[in-house]
Amino acid sequence: MSSAEEEQRPPPFGGVDPFRDIRGDGPGGDLLGPASIAMCAACMCGCTIISLFIWYFVWALMTIATSGGAAATACGASSNIWAFCLTVVICVPLIGCATTIIAFVAQMPTLQALPMVLNMIVAIWGFIMWAFMSQSCADFFTGSYYDLFLLFKINVVFLCISFFFLCCSLAITGG
């Protein structure tokens, strides 16, 4: 395109900046105003959280897949942490998604409480398993199946935190 054609072309949007109100005038000029910087920071935080979740989920699936032999050991049979991790990583999310979809389609809002109740039951189960695990089994899992034991601990902590917030929300709402 020649320079004469560029001069004849009208400016986009009739010469009006459609983003002028939200962009602002920051120290970076018109392009990098306060709103643009805040949007970039929010996008970076969101991408980081999503990336960490995907990394955790892939790591959890690989840990469950590679440590199936732990269930056949004496400590594995008495503590069931492999079954717990399998339940938390795979079964609970699938049941939560299925019940949410069914509750939405069937217009049964009370059914949406099922994932929260299941979360509470699994959190109590994990807390009890951790509290009553013998030191010899904890040492065995730390030495032989460290990733599985770490996944177990992370899941129990996250489930107990979410159980605490569930109790707080029920106390506030009076449910």
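Look up a bit, the structure's there.
Cut-offs and rules
- Residues numbered from 1 in each chain as written.
- Predicted model: local features only at pLDDT ≥ 70, side-chain atom pairs only at ≥ 80, totals over all residues.
- Heavy atoms only, no water.
- Disulfide = S-S within 2.5 Å.
- Helix = DSSP H or I, 4+ residues; strand = E, 2+ residues; numbered from the N terminus.
- Buried < 20%, exposed > 50% of the residue type's maximum accessible area, 1.4 Å probe, protein only.
- Expected span 1.5 Å × (residues − 1).
- Bend = angle between axes of the 7 residues up to and from the residue.
- Phe/Tyr/Trp six-rings, centres within 6.5 Å; stacked < 30°, edge-to-face > 60°.
- Axes fitted to C-alpha atoms, helices over the stretch in contact; angles between N-to-C directions.
- Parallel < 35°, antiparallel > 145°, perpendicular 65-115°, else oblique.
- Contact = heavy atoms within 4.5 Å.
- Nonpolar A, V, L, I, M, F, W, Y, C, P; charged D, E, K, R; others polar.

Looking now at the state of the cysteines. For the coordinates displayed, the defined rule picks out one disulfide. The disulfide partner of C75 is C137, and the S-S distance across this bridge is 2.3 Å. Between C75 and C137, the S-S torsion sits near -90 degrees, and that sign places the bridge as left-handed. Of this pair, C75 sits in helix 4 (residues 74-79) while C137 sits in helix 7 (residues 135-144), and the two are 62 residues apart along the sequence. In terms of burial, C75 and C137 fall into one category: buried.

For helix 5 (residues 81-106), spanning 26 residues, the distance from its first C-alpha to its last is 35 Å, which sits close to the expected 38 Å at 1.5 Å a residue. The largest bend in helix 5 comes to about 40 degrees, at T87. Inspection of helix 5 places I81, F84, C85, V88, V89, V92, G96, T99 and A103 among the buried residues, and these make up the whole buried set. With its phi angle positive at about 55 degrees, Q107 sits one or two positions after the end of helix 5.

Let's shift gears to the packing of aromatic side chains. Tallied over the entire structure, the rule returns 11 aromatic pairs. Seen in terms of ring centroids, Y56 and W59 are 6.3 Å apart; in terms of plane orientation they differ by 50 degrees. Their pairing is tilted. Taken together, the positions of Y56 and W59, both in helix 3 (residues 34-66) and three residues apart, correspond to about one turn of that helix. Neither Y56 nor W59 differs from the other in exposure class; each is buried. Connected via pairs of aromatic rings, a cluster forms that spans F84, W125, W130, F140, F141, Y145, F149 and F152.

The next thing to look at is the packing of helix 5 against helix 6 (residues 114-131). Running from N to C, helix 5 and helix 6 cross one another at 170 degrees; their axes reach a closest spacing of 10 Å. By the angle between their directions, the pair helix 5 and helix 6 is classed as roughly antiparallel. Residues I81, A83, F84, T87, V88, V92, I95, G96 and T99 of helix 5 form the contact with helix 6, whose own contacting residues are L114, P115, L118, V122, W125, G126 and M129. Here the contact of helix 5 with helix 6 is composed, by residue class, of 12 nonpolar, four polar and no charged.

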